[in-house]
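A structural walkthrough
This is what each chain is made of:
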Amino acid sequence: MKKFIVFFASGVLLFYCGMNLEKFITGDFHTLKSEQTVVATTFTQAQEEKTSTQSSNKKKKVTEEKDSPKEESTQPSIQNSEAISLREPFTVMKDFQTEKDAFTWRNLEPAILVNEQVNHLLFREGDIYAYPNQQAQKLSNAKQFHSLMAVSRQTVKSAGKLWYQVAFPDEVLGWVCEDQVTLHNEDYYFYQTGGVQPDLAQVKNLNIEVSISKKRVYVKSGQQTVYTMLCQTARNGYLTPTGTYHVNEYRAKSFWSTFGGADYAVGWKDGGLYLFHSVDKETDSGPYAKSQGLKLGVEGDGVSHGCIQLAIPDAKWFFEQLPTGILVTINE
């Protein structure tokens, strides 16, 4: 009987040891997985807390920087191969956009930004360059812009000379040196403002579009703009009507009324009530009102009683070439 009890007890012990042999050798797998899960959760929480702390510190730093006054640098910015910023793309000078003619600032002396004020300048002679340096590529047809008024919105200094970025009046063509131009900021309204004027008789699907907010008149062939000119519209208390109209038969080389007068008038609404015409004159015999002329193309409050004022050569061009019946669209 004793032998049977000992044998039975030994069998039970061996069975128990066999069932738990893996745990004795490798440890409790479920306990290990549980511990790993706890460790992973703790690590995740630690990461979240760390991220939260970093985010909080970052927000605090941003707030401190925002609240603290910034010191503005008085030094001019340097434009080099890495930092140059041509404000407008070259949309006309396709010969500058080919890989063959690609040019880099690395071969040029850095240009120092002088200002970004608007200048009106007469392009007298020479070439138009892709960059403010005479080693840069040249516009192939620059001669057609000689003796025409350009608009510059950026001036830099390079190799000891001033360079102006030029447009006619919005499409940037490139750069010209101070030796090639004459500033006309005080009388630019005596010059055509959009570059080369096309022959309107040759423009297919001719139509005119006016932007009151931009102070621009767009001469278009269908949907394509072929000439852009500076203009002015109604001042406070008066209205330049928006909508679609047509050039009518009214023409006046010069006119004067109780509202004042101007030259080269072309009607587009209500006979001679709403017109394209030159800058206003101070008296019937002149001179032109300089204060109004210098507002051409300047956004904001207008100067007229509702008519659309143009530079004198632009108004004369319309007077001589704009046909009756042409569609005129006036937009805000």
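Residues numbered from 1 in each chain as written. Predicted model: local features only at pLDDT ≥ 70, side-chain atom pairs only at ≥ 80, totals over all residues. Heavy atoms only, no water.

Naming follows an unreviewed UniProt entry, where the protein appears as L,D-transpeptidase of Enterococcus cecorum. Recorded under Pathway (unreviewed entry), the UniProt text for the protein is reproduced unchanged: "Cell wall biogenesis; peptidoglycan biosynthesis." (UniProt positions renumbered as here; feature names shortened; annotations may be inferred.)

With that out of the way, let us pick up the side chain of Thr-193. Its place among the elements puts Thr-193 in the loop between β8 (181-183) and β9 (206-211). A distance of 2.8 Å separates the side chain of Thr-193 from the side chain of Asp-314, its partner in a polar contact. Look past the residues within four positions of Thr-193 in its chain and what remains in contact with it is Phe-168, Pro-169, Tyr-227, Thr-228, Met-229, Leu-230, Ala-311 and Asp-314. (Helix = DSSP H or I, 4+ residues; strand = E, 2+ residues; numbered from the N terminus. Polar contact = N/O pair within 3.5 Å; in protein donor to acceptor, adjacent residues only side chain to side chain. Contact = heavy atoms within 4.5 Å.)

We now examine the packing of aromatic side chains. Following the criterion strictly, the structure yields 11 aromatic pairs and no others. Aromatic pair Tyr-189 and Phe-190: ring centres 4.7 Å apart, planes at 35 degrees, arrangement tilted. The class of Tyr-189 is buried, set by a relative accessible area of 4%. Where Trp-268 meets Tyr-274, the ring centres are 5.7 Å apart and the plane angle is 40 degrees; that geometry is what we call tilted. The exposure class assigned to Trp-268 is buried, which follows from its relative accessible area of 1%. What makes Tyr-274 buried here is its relative accessible area of 17%. (Phe/Tyr/Trp six-rings, centres within 6.5 Å; stacked < 30°, edge-to-face > 60°. Buried < 20%, exposed > 50% of the residue type's maximum accessible area, 1.4 Å probe, protein only.)

In this structure, Ile-208, Phe-276, Phe-318 and Leu-322 are the most contacted members of the largest nonpolar core, which totals 37 residues. Elements represented by at least two residues in this core include exactly β9, β10 (216-221), β11 (224-232), β14 (260-269), β15 (274-278), β16 (308-310), α5 (312-321) and β17 (327-331). Leu-121, Tyr-164, Val-166 and Phe-168 belong to the second largest nonpolar core, which has 14 residues in total. (Core = buried A, V, L, I, M, F, W, Y, C linked by side-chain atoms within 4.5 Å.)

On to the environment of Gln-223, then. Structurally, Gln-223 is set in the loop between β10 and β11. A relative accessible area of 71% means that Gln-223 is categorised as exposed. Note: C-alpha distance between Gln-223 and Asn-205 (18 residues apart in sequence) is 8.8 Å.

Time to look at the pattern of salt bridges. Here the structure, examined in full by the defined rule, presents 10 salt bridges. Between Lys-161 and Asp-179 there is a salt bridge, with its nearest N and O atoms 2.5 Å apart. With Lys-161 in strand β6 (residues 161-167) and Asp-179 in the loop between β7 (172-177) and β8, the pair connects residues that are 18 residues apart, well separated along the chain. Classification of Lys-161 by relative accessible area gives partly exposed; the value is 34%. With a closest N to O distance of 3.0 Å, Asp-263 and Lys-281 form a salt bridge. One end of the pair, Asp-263, is in strand β14; the other, Lys-281, is in the loop between β15 and α4 (290-293), and 18 residues separate them in sequence. Under the relative-accessibility criterion, Lys-281 is labelled buried at 9%. (Salt bridge = Lys/Arg side-chain N within 4 Å of Asp/Glu carboxyl O.)

What follows is about the pairing of β17. Alignment of β9 against β17, held across 5 bridges, turns out to be parallel. Considered in β17, the bridge of Ser-211 is made with Asn-331. (Pairing = 2+ DSSP bridges.)

Time to look at the side chain of Thr-329. Relative to the assigned elements, Thr-329 resides in strand β17. Sequence-distant contacts of Thr-329, defined by excluding residues within four places in its chain, comprise Ile-208, Glu-209, Val-210, Gly-243 and Thr-244.

Right, let's talk about the confidence of the model for the protein for a bit. Counting all residues, the mean pLDDT for the protein is 79, and 67% of those residues have values of 70 or more. Ignoring residues within four places in sequence, the model shows residues 21-51, a span with pLDDT below 50, making 2 contacts including any to other chains. Ignoring residues within four places in sequence, the model shows residues 59-106, a span with pLDDT below 50, making 70 contacts including any to other chains. (pLDDT = per-residue confidence, 0-100.)

With mixed pairing, 9 strands are arranged side by side in an open sheet as β12-β17-β9-β10-β11-β16-β15-β14-β13. On the outer flanks of this sheet lie β12 (243-246) and β13 (251-257), each paired with one strand and no other. Each neighbouring strand pair of the sheet contributes to a mean axis angle of 35 degrees, computed without reference to strand direction. With 2 bridges connecting them, β11 and β16 associate as antiparallel partners. Residue Gln-232 lies in a different strand from β16, and its bridge partner there is Gln-309. Along the sheet face, α5 touches β9, β10, β11, β13, β14, β15 and β16 and points at about 45 degrees away from the line of β14. (Axes fitted to C-alpha atoms, helices over the stretch in contact; angles between N-to-C directions.)

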